[in-house]
Structure formats: C-alpha cells, structure tokens
Amino acid sequence: MATRIIPADWIKNWEKSGKHEFVQLCKNLAYKTNHDSTIKDIQAALYALCWHVIQGNFKLDLSASVLCDMMDLRDDMPSILADVFSILDIETSSLEEKNKRDHYTQLVGACLFFVPDAILKERLDPETLESLGLIKQAHQFNQKIVKIKTKLFYKQQKFNLLREENEGYAKLITELGQDLSGNITSHIVLESIKSLIGCFNLDPNRVLDIILEVYECRSDQDEFFLPLIKSYMCEPLTLCHILGFKFKFNQEPNEETPTSLYHIAAALLHHNLIELEDIYVHLMPLDASIVEEHKREITEAKQIARKLTMVVVPSEKTEDKEREKEEEKNDKAPDNQKLGLLEALLRIGDWHHAQSIMDQMPSFYATSHKAIALALCQLLHLTVEPLYRRAGVPKGAKGCLLRPLKNKRAPRPAESFEDLRRDVFSMLCYLGPHLSHDPILFAKIVRLGKGFMKEYQSEGRNDNVKDKMDTLLSCFLSIADQVLLPSLSLMECNACMSEELWGLFKLFPYQHRYRLYGQWKNETYTSHPLLVKVKAQTVDRAKYIMKRLTKENVKPSGRQIGKLSHSNPTILFDYILSQIQWYDNLIGPVVDSLKYLTSLNYDVMAYCIIEALANPEKEKMKHDDTTISSWLQSLASLCGAVFRKYPIELAGLLQYVTNTLKAGKSFDLLILKEVVQKMAGIEITDEMTSEQMEAMTGGEQLKAEGGYFGQIRNTKKSSQRLKDALLDHDLALPLCLLMAQQRNGVVFLEGGEKHLKLVGKLYDQCHDTLVQFGGFLASNLSTEDYIKRVPSIDILCNQFHTPHDAAFFLSRPMYGHQILSKYDELKKAEKSNRQQQKVHKYVAACELVMSPVHEAVVSLHPPRVWDDLRPQFYATFWSLTMYDLAVPHNAYDREVKKLQLQVQVIEENPDVPMNKKKKEKERCTALQEKLQEEEKKQLEHVQRVLHRLKLEKDNWLLAKSTKNETITKFLQLCLFPRCIFSAIDAVYCARFVELVHQQKTPNFCTLLCYDRVFSDIIYTVASCTENESRRYGRFLCCMLETVTRWHSDRAVYEKECGNYPGFLTIFRATGFDGGNKADQLDYENFRHVVHKWHYKLTKASVHCLETGEYTHIRNILIVLTKILPCYPKVLNLGQALECRVHKICLEEKEKRPDLYALAMGYSGQLKGRKAHMVPENEFHHKEQPVRSATPVSQQNGPGTTAKPATNASKTEEGVGEDADRAKDKSQGAAKPANKANSTAAKVTTSNGNGAPNSTKTTKEKDDKEKSGKEKKEKKEKTPGSTLETKGESRREKQRDERGAGGKEERAPREGKEKTPKADRDKQKAEEKSNKEDNKAKTGNGEPKEPSRERDTGAKESKSKEKGGDRSAMSGSLKSPVPRLESAESERDHKRRKLETHSSPSHSSSVKDNSNEPKDSASKHHINYNSVARSKSRERETDKKESENTRGRSKEKKTEDKDRKDRKRDHMTTDREMSLESKRRKDENGTNSSNKHSKSASPCSGSPVSADKEKTKRSKSSSKEKGESAKPERNSSGGKKESRHDKEKSDKKEKRDSSGGKDEKKHHKSSDKHR
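So, a few notes on the structure that sits alongside this text. (Residues numbered from 1 in each chain as written. Predicted model: local features only at pLDDT ≥ 70, side-chain atom pairs only at ≥ 80, totals over all residues. Heavy atoms only, no water.)

What to know about the overall build of the chain
Here comes step 1: The secondary structure content of the chain amounts to 80 helices and zero strands.
Here comes step 2: Looking at the 1570 residues of the chain, the share that counts as buried comes to 56%.
Here comes step 3: Sequence-distant contacts in the chain: of pairs separated by 6 or more residues, those separated by 24 or more amount to 79%.
Here comes step 4: Carbon and sulfur atoms form 52% of the exposed surface of the chain, whose accessible area is close to 69600 Å². (Helix = DSSP H or I, 4+ residues; strand = E, 2+ residues; numbered from the N terminus. Buried < 20%, exposed > 50% of the residue type's maximum accessible area, 1.4 Å probe, protein only. Contact = heavy atoms within 4.5 Å. Areas by Shrake-Rupley, 256 points an atom, 1.4 Å probe, with all protein chains shown as cover.)

Below, the structure is given as structure tokens:
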C-alpha cells in the first residue's frame, strides 16, 4: 500500500525530488473540498511514509522533519497523525520482528515535540505510552480509566422526580402548553426547559415524558414538538423506552390505546427520531398470535361455509345461535397496537414504515380492518389525484378536490402512468379485496386503467416505450386480478361498479379477460376468510333462488339473480350451470331471468359456459358410449339461447370450438350448431316437410318465412354479431376447413373403440354443422368478405385437403356472387332493356367467372375422368343449386296467403290496440312485397340459368368410352356425393337428372341413370350414416316421383320422354343420339321397367332387413320411410316388406328399441298406404316383362345358351338390349309393338342377354328339337320326372280344391275381372269380342295372349295328325307368314313359360293377375296398333272357333291323365328342383346365375310362415293358368273351355313330338318358379 501512494523513486531521490513531490501531494489532499475523503487520503499518505520508516527504507530524521512540516497544512493534522500512529501501534505490536517495533517507537518519539501528549494518551495503547515515557506504569493507567468511566456512565445522579418537588414540572407544563401561534419556536422553548431542569434539578427523562404527554394532547402541533424533541433528545432508545412504557400501560384488558399516542409514535417514526424495530417490540399482540388469529378466522369462515352447504336440523340451528350469543358476551380482546400504529402511519402518509409493518403480518390481515383499509384508500386518493384529473375523469364529471398532505415525506403524487409503478400499484396490492370499502377509489382506478388502455392502443410507439407500456399493462392486469375483482365480490350489489369495470375489461382481449375470470372463480375465493364466507353465502342464496325459479316467476327471480350476480357472478353462474346440466327444463326460465345482468356478468357467463364445457372430469358421452351426454346437449342449448338473446361476446366460445376441432374432437360442434341456429335462424334438419323443402329452394326471405320449423324472428342483430365475431377473429374459414376435415376424420380419429352408432352421430353432427355454418356465411357475408376469405377450389382441395363436396359447398356462394356482380358490371357497361341481350350478358358473365373454375377442377381427378365428363359439366353440376333450377311458386303463394290471413286476423281482433294493428299490418305488407319481389327476381334468374344450360349442354358429355362408363362417372363424382350432402341437395340431384334429360343432352342415357340408381342400393344404404340415409331416401323419393309421374300417364310419358335421347335403347353407339321411333322405349315397356325397379328396391330392402346389422336395418327403414309416398305401389311388394318389417318389430323389441321404434313407425305408415297400392297387373299390364323375362332369357335351354353371349357384346350392363330389335328388322317384321315388347323384356333384364335371334336356321331348330325330344323321352321313363307333369298335378290339386265350388268359386274371381263368366257363356257375341281383344293383344306386344292364340293354331294341326308329327307342327307354325310365325312361336314359348312362373316377387298376387280379363287392356291399346291387330284378328278368329269345338271332347280324358301325373310328380318336386338348379348353373354360367339371383323373389328368402301357403297356391295356380291359357275364363262350357282342353292335349303332343327346346325352357322356368 505504501509503495502505491509513495513510489520507491521518491524515497531513493528524496533530496532531489521525492520530498517536493510528497509535500505537494499532501498539500493537494489538504485543500480538497470534501472533508471526510480529505482526512482519509492524508491519513493514507502519512501512513505510507511512516511505513517506509518502520520497514527501514527511509531515514528517521528525514521523516520527522517532513512530518513536522506537514503540521502547518491543517489544524487537525496532529490528531490525524495520532490516528496513523494508533493504527501502526496495533499493527507493529502483533509483528514478530523486533526491529520494526523499535523503528515505530523511535518514530513516535521523534514526533513528540509537535504532537501533543494528550492526543497520544487518548489514542495509543498503555504499553506503548509506557515505552515512550509518557506514563509511568501501564497497569495504574488502566485502573484510572476504569474509575473515570464508572463515574461517568454508571454512577446515578439524583434528580428531582415529580413526586418530590413539582414546581419545576408545573412551570415546564406551562411552558409547553402556551399558545404557539406567535413567534415562539422550539429553540426558545428548549432553552427555557434547560433552565428549568438546571434550576429545579428536574429529571431529564421525566421532562421528556412530560413533553410527549403534552404533544399527545396537542397532536396537531407537529411542527413545534418534533423539532423540540429532536433537539432535546440525545438517545433514540430512551425515547423508544418511554413510548414503550406508554403503550404497555394501555395493554390491559378493556383498555383502549388513545389515537394520539399512535399519532406521536407515527410522527416520530416518520421523522426518524425512533426506529421501527425499536418501538415494534413494545407493541402488542405478538406476531405469532396475529398469525394464529388469522388462521382461526379462515377456519371459522370455512366452517360457516360448510354449515351453509350442509342440511341442518332445526334444533341444531337454535343451539348454534345460543353459542354465538355467548361468545359475543365475552370480554372484548385488547387493542391491536400494531394496527393502530399502522393506521396512524397511513394517516400521516408514511407509506414506507406502514409497508414494513404490513409485511410482518399475513397477507390482507391488516387491510381487513376497515379503518386501515380506509386510511390506505385515502392515501391512494391523494397519490393518484393529479393523474386522475389528467387522464381519468370522464367528460362532464367534476369530482371533489382533495387537500394534499402537508407532509413532504409522503409518497409523491403520480403525474404519469409510469409514476403509478412507484407506489400506487404496491399500495393497491396490499389493499387487495378491501378496496371494496371505497367504491369511489375503485372507480378512479378503473378509469385510470381505461385511460391507460387508450394510450396503449394508440399507434406510433417506439420499442422502448412499448416495453414500458407492456410492463404497465401487466401491472394493470395484476391489479384487476388481485384487487378489482376480489373487491367487487365484497361489494353489495353494486351494478354501477360492475359496469364501470366492464368499461376497462372490454378493452382487454378476451384471452386476458377469461384468465382473470378463471383466477377470480377458482383461486381468489380461497385467499381470504371474508371471501370464503361470501362464496358460501352466494351459493346458499343461489340455491334458494333456483329452487323457486319457474316460468311464472321469472321476473322477480330474475331480479334476485341480477342482484346476486353483480358481485359474485362466477359463483352464481357455476351453480346455475350445474343445475342446467341436470335439469334441462330450467333453460327457458334461466335465459329469461338473465335480463337484469350487467355487461360484465354476461361476459363472465360466457367464460363459465366455456369452462363447464371444457371440464375434463365430465364425460361427453353417456355410459352406453352411443350417445352424447345430456349435460353437453343442455349446455349447447343454453349457449344458443343466451348468446342470441343477450349481447355476449362470442369470440371465446368460437375459439374454443375451433381448438377442440384442431385437437380432433367434434363433440363440441353441438354448441356451434345451436349458436348458429338460434342466432342466425338457420336450422338444419332432415325431417323437413315437403312445404319446407319447397320453401328452401327459394330466396332468403322465403327460407326464413317457410323453410324452418322454429320461426326464429329478429335475427338481424344477432346474426350480425356472430358474423362480426367470426370476421374479427378470422375464424370463419378455419372453422369451415376444420369441420370439413374433421368430418372425414371422425371415423379414424374418434372411431377406435367407440360404438358405430356414436361415430355416425358425430359424423352427422360434423356434417350438419358444416352445412349450417356454410349456409350462414353464404347468406350473411358480403361478396367482398366471402371472396377475400375463401380460396379457389383447387387450393381448398389440394392444399387444405378439403373433401370435394365440402369445397364446392363453400365455393358455391362465391361463384354466385361473382357471376351476379360481373353481370351487373356488363349491364352497366352497355345499357339495354332487351331480355335477349340480358341473357347473353349473363352467359358471358358465367363464362368469365367459371372459366378459371373449369381449369381448376381438372386437377381434382385423374385425366381419364375427363374423357367422359367435361370439366364444364362437372363444375356446372357442383356450382348450381335448386334456387337456380326452379321457382317454387306454390311456396311463395302459400307464404303470401299466410301473411294476408294474418292481416285479416289482426283486423278482426278488437283487443289489439290501433297502433299495434298498424305496425303489424305494415310488417305483413312489407313482407308480402318482399316475397313477391323475390319471386320475380328468382324467376328471371332461373330463366337466365336455363338458357345458359341450354347453350352449354352439347359440350357436357364427351362419352369417349361407353355411355355406361359416363353414367358411372356421373354417379360416382357428382350424383352420389351431393345427394347425401343435404336435404336440399338431394332434391337438387334428382331435379338435375331430370333437367339434363329434358335438355336432351347428348350422350346422357336417362334410362341407364335411373336404372343404376334404383338397381343396387344395398351398398349405398349400408355405407350411410343416419342423416345421410334420410337425405338418400329423399333423393330416391324425388327420383321415384319423376318416374311415377311418367309411369302414371301415357300422355305425360310421350310428352316428356317419348322422343328424348335419354330413352334410346341403343347404348353402344355413344356418339349417335338420333334414331327412329323404334329405338325409343315405348310406354308399356317403360311400365315394365318401372316394375322391375320397384322389384329391385324390394329385394334390396329385404336383404338389408335380413342382415341383422344395426346400420343396415336402421338405414333401410329410414330410406323406406322417406320413399313411402312413391314406393311400394304394388300390392305384393308391399306385403313382402310388411312381413319382413313385422319380423323386425318382433325381434328388436327388447334388443334394440330404436330399431323397434323405426320399424313400428314404418309399419304403421305402410299399413296406411295399403289402400293406395294396386295389384301388379294394374301397375303394368303383364306380369312377365320386367321381373319374369329376366330369368327366362337367362335360362332358356341348351338351344339358346350361345345366343346371350353374342348379344351381350352389343349391349351395356344394366338396361338395354337391341338384339331383338335387330332380329325383327332382319325378318322384315312390321309389328313395332311386338318389337318394343321384346325390347322391354330385354331392357329390364339388367344383363344385356336378349331372347334368341329368330334368324336361326331350320337345321338348328331341328337339332334342338331332337335333343329336346331325347331328353324328354329319358325323363318320361321315370314317372314324375318332368316339370310339365308337376305343373299338371299341382293344377289338378287346385282344381280338386275348387271342384266343390265350381262356378260359385269362379264367379267371384271373374267378378273381380269385370267380365262375369255367366254372361260370356250365354252370349256368344261377348265371347267373340273377348277373342277379338285377345287377338288385338297379339298385335299390341303383350306376351300372354299371343302365346295362347298361336298355341291354339299349333294345337289345331296337331289334333288332326294325332301322332304329334313334327313336320305338321312346324308347318302350322310357319303358316300363314312362315318367318314371322317361327320367330313369334319362340317368343310364345317364352311368354308361356313366363306365365307359368311369373316373377316370384309377385307370386302372391298371381291368381288375381292371371285371371284378369284382357278387355280393359286391349281396349286401352286398340288405338295404337289397329292395322296389325285387324289382320291377326281375322286370322285367329277362324282358328279359335274350330279349336273350341274339337277341344271339348278331349277335356275329360286329359284332365284324368293330368290329375294322375300331378300326384306322381308332387312327390319328387324338391329333388328335381335341386338337380335342375345345378344343371342350370352349369349351362348358363356365373353371369346368368347372378342375374337370376338378382330377380329372385325378395320374399322367398324371408321366413314368413304366414304367407307360405298363399305363395305356394299362387305359384301353382299361375303355372296352371299359364299352361292352360286361363281355362277358368270359360267355366260355363263355351268355346273357351274347349280351347282350354285342346291346349292341354296339344301340349302333350308337343312333349311327345317336338318338345326339345320348349320343354327344356319350360322345365327350367317352372322349376325356378317352385
């Protein structure tokens, strides 16, 4: 250290320069202004010099001389040098080197002449003094010091105490109590006090005590007494002890410490005359007892809370009250002096010491005492006043001025928001919930917060300022959490404060607000005993109100809820929501009772709902894991009602739903669905009535008026709020995309272990909400907003992975908006009123808007798709809606009439006041005008769209591959995805198909499309969810409606389908849509096709019902219920369904009640529709073409097995076959009806296999006949081996059963047929007319009658030859038109076989159908084929007359033989059936058997024992009638009866002679029939 201050160079060159440098250093140090640092520096320099001497580096005399020179620099230099010597003395005495100690002693000795002895004696050690010779003995010197100190400090001087002589004290009191207003100062009074002490020998401590006593009495005279005490007092501890004695005196029970004593203690503390630590120990109670008391308060509060929640017996209540009264009588606890001092400190503004005292206590313990809380509030008022005046006072408010504290040491008032961080925030944190004692200060703090938020939200801040503002924001949020909200809880029903606080909170983002509410609800109420009690009281009161809340007392209960909610909304709403989750019938009354809430309370309500929804402890599914929990449904319903009725911010709820979707959970979409439904009035239901569906195809006004069940009115404001919330937080598109993605992910993300039923419900919920939400956006967003937010279709699908149907659903409104805006632009650009020009502009606008879309959709599918469908067609299909295709005039008229009726009712009601009448009438009239205007607008729009489609249609379908492939792609990519998207889309799809047909679109086969839709619905139905089934059912119903309309009236069919390319039956030439009339499907064959579709539907339905699978059964029942208006129309199909559904009812009653309910519902409705069903022969005039022709054409015998393969190459799978038409043309046939008939038989087979070509050579025929004959001979060797004999035996059995009745049994049957047999027997003219009608049918293309007529011709030739000569038979077949007759004979055999086993699906009604007379049918067709009919009639009349006479003679013989054959055959029927079915499979291959199974009876597999007997009987009778060509028609013994006999004998001859091919066919078909 020495070398640092005095370098070694100075010592070496001391004489030259060192001495000068040292002296100069010391002079510089001596003249420094700072006194303390100067002494230290000089001491350091002197110490360094002396240390060099002690070390022996410097000569003693030189050092002594220079130190002597230094003495002149300052007056206190000897004292400074003595201090240095004192330090060196201590240091050297501890050194081991003796020489250094000697050097030190010599140095001090050399300096004795200029350092006084007295100073050295004070500073140096006695041993050193002795060695220097300044004292004689060190030991004696020590003893003398002890004696002096004892005398000074420990010997007590006797003073005059007050009790001894009080004159001096009296004068002292007088002196202190004088008037201080003049020029009297504390200094003057102090001199007088000193004089009195000296004169009267007063005790100084007692004098100080008296000064404090007087100060206590005159506590307002701080300016006088504080300087007096400060100048009088020598030791702070003395003052503390005196004050402590004063406090101690007041610590006895029932004593009260005067506030004046607290005041003087606070004042002395504030002016640092005493220390807090010194006085604090004198105050009572102890800190430990304060902590104990705080814990006890919390425990008591919890006990009170527990009591309030417990059910208490009345006797216990009285005991508790008595105990409380006894406790109140006990002595009051002594004052808490620490709190008294704290209050005094706060009153004078000493925040520093007050804060120290509060830190010693539990949190909020001090401020829980009202006086302290108010004192702190007062201090806060004074601190924030300037800033409040600048930034917090609202416009127009005045506010009282506050006097600032005179105390200059009080916290500085805040001038800026930054100043609040200095003291105000910490003061508020200590105050906590007890700010409730001062609502005015509460309001001031809130307003300051609002002022800050305005500054915070203003623009243009640099980073430094931003950091400060962010810090301040976090401070304000902390204050809101720790002070404002807890204080609000302790305020009594202060709605104004709640609204004031909302003024601040609404400036925070909802995330901050909800965080605050969460803290308030879950943590704040545990922090303080008072809050614990308040929470319990709130819950108790809430229970009281909720128990009594009903619809009738909503108003008074609502007021009580409002009062309770102003202070403690979180606790109240938590309880209310818990009740609603249990009792959903409370939702209505609760929603109505919330009208007295404040804005803050509504926001808290939103938070509480979200918290309840997100409760992790609650399961969102019921225990069966198949349905969503009722508590979630109740909360969702409440959400919708509350958010609609009250102005609550939606952002939090919407974000919550978005977040749950992001997490892959879709349960909470229920909430969004309810909110959109209630707020926007957009309802999603698949249970719409037809009127509602019609209304939904109109404009927005019509939808609102007639499209929904619940007429939710006045949704303008609420839907605007919802829209704003979505747009402000950019949630519109994310929600749509998440829903679309989640819909397809439900099965994978939420499937897992969940029940399939639940997964389906979640899928439906997701889908329905998407449709509803998309509908809301489409109807509420402006064009700009929508276009700005929704990306193009390719981005939606490829980038966001949105399913195509959802992507188009979202984009569709955008296209509509863009087209209309572009159309308006074009209209403005070139003003023209001509309708044609407007239409052209519209088409141009469509092209401009849709061209990019056409390009975009190409990327959605593989290139091969576009070989058949043009992107233009695809985009057109997906971009249009029902609004574009048709105007629901009926719906508009209906709603207008309703409004007119309303006006009329209002007019007639005398109770309604005039002004209300006027308003209602104006409203209704305005609505009428709106609806009419909307209708007109839609009509113009539809006309424009249809014109556009007419122009586009030729380029829609390229059909580079087959028409079948085109239809497949159309169904796969367009129809099926969209028809299950929504109910209105289902209707749209059906309407679009009809529209494409009506537009005569090239390459579009309507017939094929309908066939594909109706033919195989099993897989489609099985893969649907519950709601999709409803939509699919609606789609099928609409398709069936169109088909039924065409089926019901020939004129309609001819008008709408007759000459349309969609009904061409040539499918291979895809580029060719023309064709002559013969290529069109005629009306009667269309009826057969429709019957086939009905049959297919029946078969699919029965299959689904028999699977036992839950989804299959549920979905098909839903679909069947939906299509009930149009299906079933045929009686036997209806009976088949009825039996199967009845079985479902029986099986599922206990197992699956929901299926049972569906089945019972459908069963009841089906029975109600039974009256509208018709027998099959009324539905289509022959039984065979649709359902019977199918199996026959596939199972014709060996002679025809090669032909179907050839023809199949020409046809498409499913609907058409033109081979027969080609065959007839090659034969030169001139009977289009027959050709159409054969076409129908082929069209409806769905496999492209037609009847064999009639151009086969005679050789081929002979070969077939030979082979048939050989087989026949083999079969005849075994009795009962032929199907013919089986049919005979069965026919005989039936005849025996009917034998007793004879004519009596036949007469009623013939009565049904509208032609009594008795009349025909008696009147020959009638018989002839019947024959003529039958012959007319030969030319009219109906298969049964020609078979009978041609058979009779064949029988005539056979009866002549009696041996069954083959050539005679063929001759008779060839005559008179050989080629035509040979072709027709084959067809006859087929049709006869079809009669024998008419389609199993309607076997139960064959009796009626086969006995039906052909009068009505033939009359119906007489106008269409008169030329062909007249020729055939002449030819056939002669034949029949001769037949009938010869036939009677052989009737009896034949019947006897037949009876025996039937009995024999009956025994081996089952065995033959199995053998025959195997052989049939071998011959016809897989395709044939598959097709056969498709047309098998839907009820044949169903185990309905009730119908077995009836079915068996009907089958046998149908065979009998088919083979005998209806013998019962001539039961009275006329010509027809003989014809019947003749037919039977001829058939026997045929079997013997030619029977090969025909026998084979018949054998198969009758076996199949069995």
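Focus: the packing of aromatic side chains
Here comes step 1: The tally for this structure, following the rule as stated, stands at 50 aromatic pairs.
Here comes step 2: Pairing Tyr 215 with Phe 225 gives two aromatic rings, centres 5.1 Å apart and planes at 15 degrees, and the pair type is stacked. Linking Tyr 215 in helix H13 (residues 204-217) with Phe 225 in helix H14 (residues 222-232), this pair joins segments that are ten residues apart in sequence. There is no split in this pair, since Tyr 215 and Phe 225 are both buried. (Phe/Tyr/Trp six-rings, centres within 6.5 Å; stacked < 30°, edge-to-face > 60°.)

Regarding the packing of helix H53 (residues 1026-1048) against helix H55 (residues 1083-1107)
Here comes step 1: One can describe the packing of H53 onto H55 by two numbers: an axis separation of 9 Å at closest approach and a directional angle of 145 degrees. Crossing handedness for the pair H53 and H55: left-handed. Residues Leu 1040, Val 1043, Trp 1046, His 1047 and Ser 1048 of H53 form the contact with H55, whose participating residues are Tyr 1083, Phe 1086, Arg 1087, Val 1090, Trp 1093, His 1094 and Leu 1097.
Here comes step 2: Of the residues contributing to the contact of H53 with H55, the split by class is eight nonpolar, three polar and one charged. (Axes fitted to C-alpha atoms, helices over the stretch in contact; angles between N-to-C directions. Left-handed = near helix turned anticlockwise from the far one by under 90°. Nonpolar A, V, L, I, M, F, W, Y, C, P; charged D, E, K, R; others polar.)

Digging into the pattern of salt bridges
Here comes step 1: Enumeration according to the criterion identifies 47 salt bridges in this entry.
Here comes step 2: When the shortest N-O distance is used, the salt bridge between Glu 213 and Lys 246 registers 2.3 Å. Taken together, the positions of Glu 213 in helix H13 and Lys 246 in helix H15 (residues 236-249) put the pair 33 residues apart, joining distant regions of the chain.
Here comes step 3: Residue classification places Lys 246 among the buried positions, given a relative accessible area of 9%.
Here comes step 4: Here Asp 574 ties to Lys 521 by a salt bridge, and the two come within 3.5 Å at their closest N and O atoms. With Asp 574 in helix H30 (residues 569-582) and Lys 521 in helix H27 (residues 510-522), the pair connects residues that are 53 residues apart, well separated along the chain.
Here comes step 5: Under the relative-accessibility criterion, Asp 574 is labelled partly exposed at 39%. (Salt bridge = Lys/Arg side-chain N within 4 Å of Asp/Glu carboxyl O.)

Side note on the environment of Asp 350
Here comes step 1: Note that Asp 350 resides in the loop between helix H20 (337-348) and helix H21 (351-359).
Here comes step 2: When its relative accessible area of 4% is taken as the criterion, Asp 350 is described as buried.
Here comes step 3: C-alpha separation for the pair Asp 350 and Asn 407, spaced 57 residues apart in sequence, amounts to 8.8 Å.
Here comes step 4: If near-sequence neighbours (up to four positions away) are discounted, Asp 350 is found in contact with Ala 266, Leu 269, His 270 and Leu 345.
Here comes step 5: Here His 353 takes part through its side chain, which lies 2.5 Å from a polar atom of the side chain of Asp 350. (Polar contact = N/O pair within 3.5 Å; in protein donor to acceptor, adjacent residues only side chain to side chain.)

Focus: the environment of Asn 955
Here comes step 1: Positionally, Asn 955 belongs in the loop between helix H48 (914-952) and helix H49 (963-979).
Here comes step 2: A relative accessible area of 39% means that Asn 955 is categorised as partly exposed.
Here comes step 3: Separated by 84 residues in the primary sequence, Asn 955 and Pro 871 place their C-alpha atoms 9.9 Å from one another.
Here comes step 4: In this view, Asn 955 contacts Arg 870 and Gln 872; residues no more than four positions away in its chain are not counted.

Looking at the side chain of Asp 423
Here comes step 1: Turning to its location among the elements, Asp 423 is positioned in the loop between helix H22 (370-392) and helix H23 (424-431).
Here comes step 2: This buried residue, Asp 423, is left without a salt bridge; Arg 422 holds the nearest opposite charge, at 4.2 Å.
Here comes step 3: Other than its neighbours up to four places away in sequence, Asp 423 contacts Trp 351, Pro 411 and Arg 412. (Lys, Arg positive; Asp, Glu negative; His and termini not counted.)

Focus on the nonpolar core
Here comes step 1: Counting 314 residues, the largest nonpolar core has Phe 505, Phe 970 and Phe 1035 as its most contacted members.
Here comes step 2: Other than its neighbours up to four places away in sequence, Phe 1035 contacts Leu 975, Phe 976, Cys 979, Ala 986, Cys 989, Ala 990 and Val 1013.
Here comes step 3: Listed in part, the 45 residues of the second largest apolar core include Cys 50, Met 70, Val 108 and Leu 120. (Core = buried A, V, L, I, M, F, W, Y, C linked by side-chain atoms within 4.5 Å.)

Structural notes on unusual backbone geometry
Here comes step 1: Look at the link from Met 284 to Pro 285: it is a cis peptide, with omega at -5 degrees.
Here comes step 2: For Pro 285, the location among the structural elements is in the loop between helix H17 (276-280) and helix H18 (287-309).
Here comes step 3: Following Tyr 1127, the chain continues to Pro 1128 via a peptide bond in cis, the omega torsion being 0 degrees.
Here comes step 4: Among the structural elements, Pro 1128 can be located in the loop between helix H56 (1110-1122) and helix H57 (1131-1151).
Here comes step 5: The phi dihedral of Asn 272 is positive, around 60 degrees, even though this residue is not glycine.
Here comes step 6: Secondary-structure assignment places Asn 272 in the loop between helix H16 (259-270) and H17.
Here comes step 7: At Asn 1003, a position not held by glycine, the phi torsion is positive, near 65 degrees.
Here comes step 8: Inspection of the secondary structure puts Asn 1003 in the loop between helix H50 (983-998) and helix H51 (1006-1015).

A few points about a nonpolar patch on the surface
Here comes step 1: A surface patch of nonpolar side chains, about 530 Å² in accessible area, is lined by Ile 148, Leu 152, Phe 153 and Tyr 154.
Here comes step 2: Along the chain, Tyr 154 falls in the loop between helix H10 (138-153) and helix H11 (167-177). (Patch = residues over 30% accessible without salt bridge, like charges linked within 9 Å, V, L, I, M, F, W, Y side chains within 5 Å.)

Concerning H20
Here comes step 1: In a regular helix each residue adds 1.5 Å, so twelve residues correspond to 16 Å; H20 covers 17 Å between its end C-alpha atoms and thus fits that length.
Here comes step 2: Where burial is concerned, most of H20 is hidden: ten out of the twelve residues are buried.
Here comes step 3: Along H20, the residues that are buried comprise Gln 337, Lys 338, Leu 339, Gly 340, Leu 341, Leu 342, Ala 344, Leu 345, Leu 346 and Ile 348.
Here comes step 4: The secondary structure elements touched by the buried residues of H20 are H15, H16, H17, H18, H21 and H22.
Here comes step 5: A distance of 3.2 Å separates the backbone nitrogen of Lys 338 from a side-chain oxygen at the start of H20, and that oxygen is part of Asn 336.
Here comes step 6: With its phi angle positive at about 90 degrees, Gly 349 sits one or two positions after the end of H20. (Expected span 1.5 Å × (residues − 1).)

Quick word on the environment of Cys 736
Here comes step 1: By the element assignment, Cys 736 lies in helix H39 (residues 732-751).
Here comes step 2: On the basis of relative accessible area, Cys 736 is assigned to the buried category, the value being 1%.
Here comes step 3: Here the alpha-carbon distance between Cys 736 and Thr 658, two residues 78 residues apart in the chain, equals 9.6 Å.
Here comes step 4: Dropping the residues within four chain positions of it, Cys 736 is found in contact with Leu 770, Phe 773, Leu 777 and Leu 810.

Observations regarding a positive patch on the surface
Here comes step 1: Together, Arg 541, Lys 547, Arg 548 and Lys 563 make up a region of like positive charge exposed at the surface.
Here comes step 2: Per-element tally for the positive patch: the top contributor is helix H28 (residues 529-548), with three residues.
Here comes step 3: When you line up the elements, Arg 548 lands in helix H28. (Charge placed at Lys NZ, Arg CZ, Asp CG, Glu CD.)

Side note on the packing of H50 against H53
Here comes step 1: It is the contact of H50 with H53, at a shortest axis distance of 7 Å, that shows an interaxial angle of 30 degrees. Here H50 is positioned roughly parallel relative to H53, judged by the angle of their axes. Of the two possible hands of crossing, H50 and H53 adopt the one that is right-handed. Of the residues in H53, those touching H50 at Ala 983, Ala 986, Val 987, Cys 989, Ala 990, Val 993, Glu 994 and His 997 are Arg 1031, Arg 1034, Phe 1035, Cys 1038, Met 1039, Thr 1042, Arg 1045 and Trp 1046.
Here comes step 2: Of the residues belonging to the contact of H50 with H53, the class tally is ten nonpolar, two polar and four charged. (Parallel < 35°, antiparallel > 145°, perpendicular 65-115°, else oblique.)

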